[in-house]
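# Structural characterization, general
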Amino acid sequence: MVGRQGGRRVKTWLVVMMGLSFSGGIMMLLVLGVRRLASLLKMSVKKEAFVVLWLMVILRFCLPIGLEPSFTESWQGPAHQLYQVFLAQEEKNDAKIREEKTYEALLLMTDEHNTEANGKAENNLSTSLSSETKNHQITDNDMIAKVQRSWDFYNIVGLIWLLGIVVALSRFLGDYFRVLNRVQKLDELLYEPLADLQKMMGLKRKIVLKQSDGSLDTAVYGIFKPQIVLSSLDEMTDYILLHELAHLKRQDNLKRFLAQIACCLHWYQPLLWLCRRYLCLDIEMACDEKVLSVLVQDERKSYAQVLYQFASQNRTQFRNSFAAFGENPVKSRVKNILAFKRYGKFW
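Counting from 1, residues in each chain are numbered in the order their sequence is written. Side-chain atom pairs in this predicted model are given and counted only at pLDDT of 80 or more, local residue features only at pLDDT of at least 70, and totals for whole chains, interfaces and linings cover all residues. Note: side-chain values were computed over all heavy atoms of the structure, leaving out hydrogens and water.

Every axis in this analysis is a line fitted to C-alpha atoms, fitted for helices over the stretch in contact. Angles between the N-to-C directions lie between 0 and 180 degrees. Strands are runs of DSSP state E lasting at least two residues, helices are runs of H or I lasting at least four, and both sets are numbered from the N terminus onward. Running from N to C, helix α7 (residues 237–250) and helix α9 (residues 270–292) point in directions that differ by 110°, and their axes come no closer than 9 Å. By the angle between their axes, α7 is roughly perpendicular relative to α9. Judged by the sense of rotation from one axis to the other, the crossing of α7 with α9 is right-handed. Contact with α7, carried on its side by Leu-242, His-243, Ala-246, His-247 and Arg-250, involves Ile-283, Glu-284, Ala-286, Cys-287, Asp-288, Lys-290 and Val-291 of α9 and no other residues of that element. Among the residues forming the contact of α7 with α9, the class breakdown is six nonpolar, two polar and four charged. For this classification, under 35 degrees means roughly parallel, over 145 means roughly antiparallel, 65 to 115 means roughly perpendicular, and everything else is oblique. Crossing handedness: left-handed means the near helix sits turned counterclockwise from the far one by under a right angle, and right-handed means the same turn made clockwise. We call two residues contacting when some pair of their heavy atoms lies within 4.5 Å. Under this grouping Gly is polar, as are all residues other than the nonpolar Ala, Val, Leu, Ile, Met, Phe, Trp, Tyr, Cys and Pro and the charged Asp, Glu, Lys and Arg.

Right, here's the structure in full:
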């Protein structure tokens, strides 16, 4: 009984996760189509609008809200389909076994009937009941075997899924906290124009700046107590800081974190990884737009030049979970800056 209940629970979770993966994938393709159409038609759409849409897709992957029972019952997902293929040959073998046992049972009934033809009616009734009991036992054994195979299959698939989650989460969280540990060891940096830059971005919270030791790129690190790491102080610093302050204002690290957790849960779904990639790209573009909104025309040109120069510099080889200033495709971001110049304010 415990095994059957465990098998049903594992199957239910797999069906729900596959349902989320399927519906999330469909939603992701729709958003990608809208994004592509807006690009082809050169529509003046803020990238923040697509960031919101990507976050809705990620929530679709994670929250089983709106999945009706009829949907989860009718759509069993790839795991169930694979299981049906797995059982196809077994069911053929079971059918042959049932036929043979039924034939043997009929022969036994015939022999007993012929042998005891002159016996009492009670003996005939007893023989019939005994044969029916044997047939029921055969059917019960077949059902138990089928349930056991179902339990084994879904537990194997469930185990593979859980192992994938453990590996993905271990790598991500290990990398995440290892980077934060490095940030904590960096020296704090004082930069006088920081207060004015914060005012431009509408940030009143205390911002901690750290000087990179060469192992970390310029970026915002952390979620609840974020810190900005700068690789150097030069003429580009003000623009770079504006960009990183825009990330803080928009809580972008939290968005990336949630997207990565969703990818760990659905590690087998390539569409979700693609969704995360587009989310990070649109986050950077939306952040560029936020910076451009507080700059005048000439400063916007300088910002685009700084972005190009910074991205062309040598980057550290240490990979981490936080996006640096020039990490995402620069060509797309520069085009977006020029579009901002062309269209002005987006809706």
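That covers the picture; the talk isn't over yet.
With that settled, consider the pairing of strand β2 (residues 208–211). For two strands to count as paired, DSSP must find a minimum of two bridges between them. Here strand β1 (residues 187–189) pairs with β2 via three bridges, running antiparallel. Residue Leu-189 lies in a different strand from β2, and its bridge partner there is Leu-209. By the bridge criterion, four bridges tie β2 to strand β4 (residues 227–230) in an arrangement that is parallel. When the sheet's bridge partners are listed, Lys-210 is paired in β4 with Val-229.

The patch calculation keeps residues exceeding 30% relative accessible area without a salt bridge and links them within 9 Å when they carry like charges or within 5 Å when they are nonpolar (Val, Leu, Ile, Met, Phe, Trp, Tyr). The accessible surface values rely on the Shrake-Rupley method and a 1.4 Å probe; as for residues, cover is taken only from the protein chains in view. A carboxyl oxygen of Asp or Glu within 4 Å of a side-chain nitrogen of Lys or Arg is what we treat as a salt bridge. Taken together, the side chains of Phe-22, Ile-26, Leu-29 and Leu-30 make up a nonpolar region of the molecular surface, amounting to roughly 380 Å² of accessible area. Examined against the element boundaries, Ile-26 turns out to sit in helix α1 (residues 2–40).

Burial along β4 is two-sided: the residues Gln-227 and Val-229 and Ile-228 and Leu-230 are all buried. Note that strand β3 (residues 219–221) and β4 share three bridges and pair antiparallel. Residue pairing for β4: Val-220 is matched across the bridge by Ile-228. Between β3 and β4, which pair antiparallel and follow one another directly, the connecting turn spans five residues, one of which, Gly-222, has a positive phi of 100°. The buried label applies to any residue whose accessible area, calculated with a 1.4 Å probe on protein chains only, is under 20% of its type's maximum; exposed applies above 50%, and partly exposed to all values in between.

We now examine the pattern of salt bridges. In the structure shown here, the tally under the stated rule is six salt bridges. One salt bridge connects Arg-250 with Glu-48, and the closest N-O pair in it is separated by 2.2 Å. Of this pair, Arg-250 sits in helix α7 while Glu-48 sits in helix α2 (residues 47–62), and the two are 202 residues apart along the sequence.

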